[in-house]
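# A structural walkthrough
Next come the chains, spelled out residue by residue.
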Amino acid sequence: MKSMELIGLNTKWYRYQKGITQEAFWQMTKWKMSYLSTIETGRANLTCKNIDLIVEKLGITPDLLFKEETALQAKKLPRRVDIYNKQKKNQEKINDKS
């Protein structure tokens, strides 16, 4: 796995583990939402300054962004659209019962 993909997947992994949404994380970092998406999909060529900001906001050490084990776990996380669809279906079930 390449460094950009490792960093992106691990950013997603630790953000998810800490219960931070993408929206909350982009507000914390002041980045555009599209940039965060580019990072988490492993397509961003990050500077050291941005890596430092990621670890600061997630409260982790830089070495954790390069761990392949957690990156592989991150690949199994639900995509944002999947989470949205699940929440929508749950809300529809609640509304149907009312």
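My aim in this report is to walk through the structure given alongside it, one point at a time. Treat the numbers as computed from the prediction; the structure is a model and nothing was measured.

### Focus: the pattern of salt bridges
Inspection of the entire model under this criterion finds three salt bridges. Where Arg15 meets Glu40, a salt bridge forms, and the shortest distance between an N and an O atom there is 2.7 Å. Placement of the pair is Arg15 in helix α1 (residues 3–17) and Glu40 in helix α3 (residues 33–40), with a sequence separation of 25 residues. Arg15 gets classed as buried once you look at its relative accessible area, which sits at 9%. Residue classification places Glu40 among the buried positions, given a relative accessible area of 7%. Among the salt bridges present, the one from Glu56 reaches Lys57, with a minimum N-O distance of 3.8 Å. Taking relative accessible area as the criterion, Glu56 reaches 54% and is therefore assigned exposed. Note on Lys57: relative accessible area 28%, which makes it partly exposed.

### A few points about the nonpolar core
Of all hydrophobic cores here, the largest spans 22 residues; its most connected members are Phe25, Leu46, Ile54, Leu58 and Leu65. Apart from the residues lying within four places of it in its own chain, the contact partners of Leu46 are Ile7, Tyr35, Ile39, Ile51 and Ile54.

### Thoughts on α1
Its 15 residues place the ends of α1 21 Å apart at the C-alpha level, agreeing with the 21 Å of an ideal helix rising 1.5 Å per residue. Turning to α1, its buried residues number three or more, namely Leu6, Ile7, Gly8, Leu9, Asn10, Thr11, Lys12, Trp13, Tyr14 and Arg15. Considering only its buried residues, α1 is in contact with α2 (22–29), α3, α4 (48–58) and α5 (68–74). Positioned one or two residues after α1, Gly19 has a phi angle of 70°, which is positive.

### A short note on the packing of α2 against α3
For any two helices packed against each other, the geometry is given by the interaxial angle and the distance between the axes. Two numbers describe how α2 lies on α3: the axes approach to 9 Å, and their chain directions differ by 110°. On the basis of the axis angle, α2 is roughly perpendicular to α3. Along the contact surface, α2 presents Gln22, Glu23, Phe25 and Trp26, while α3 presents Met33, Leu36, Ser37 and Glu40. Classifying every residue of the contact of α2 with α3 by side-chain character gives four nonpolar, two polar and two charged.

### A short note on the environment of Leu58
Mapped onto the secondary structure, Leu58 falls in helix α4. By relative accessible area, which is 3% here, Leu58 ends up buried. Along the chain, Leu58 and Phe25 lie 33 residues apart, while their C-alpha atoms are 8.8 Å from each other. Excluding residues within four positions of it along the chain, Leu58 makes contact with Thr11, Tyr14, Arg15, Lys18, Ile20 and Phe25.

Rules of the game
Residues numbered from 1 in each chain as written. Predicted model: local features only at pLDDT ≥ 70, side-chain atom pairs only at ≥ 80, totals over all residues. Heavy atoms only, no water. Salt bridge = Lys/Arg side-chain N within 4 Å of Asp/Glu carboxyl O. Helix = DSSP H or I, 4+ residues; strand = E, 2+ residues; numbered from the N terminus. Buried < 20%, exposed > 50% of the residue type's maximum accessible area, 1.4 Å probe, protein only. Core = buried A, V, L, I, M, F, W, Y, C linked by side-chain atoms within 4.5 Å. Contact = heavy atoms within 4.5 Å. Expected span 1.5 Å × (residues − 1). Axes fitted to C-alpha atoms, helices over the stretch in contact; angles between N-to-C directions. Parallel < 35°, antiparallel > 145°, perpendicular 65-115°, else oblique. Nonpolar A, V, L, I, M, F, W, Y, C, P; charged D, E, K, R; others polar.

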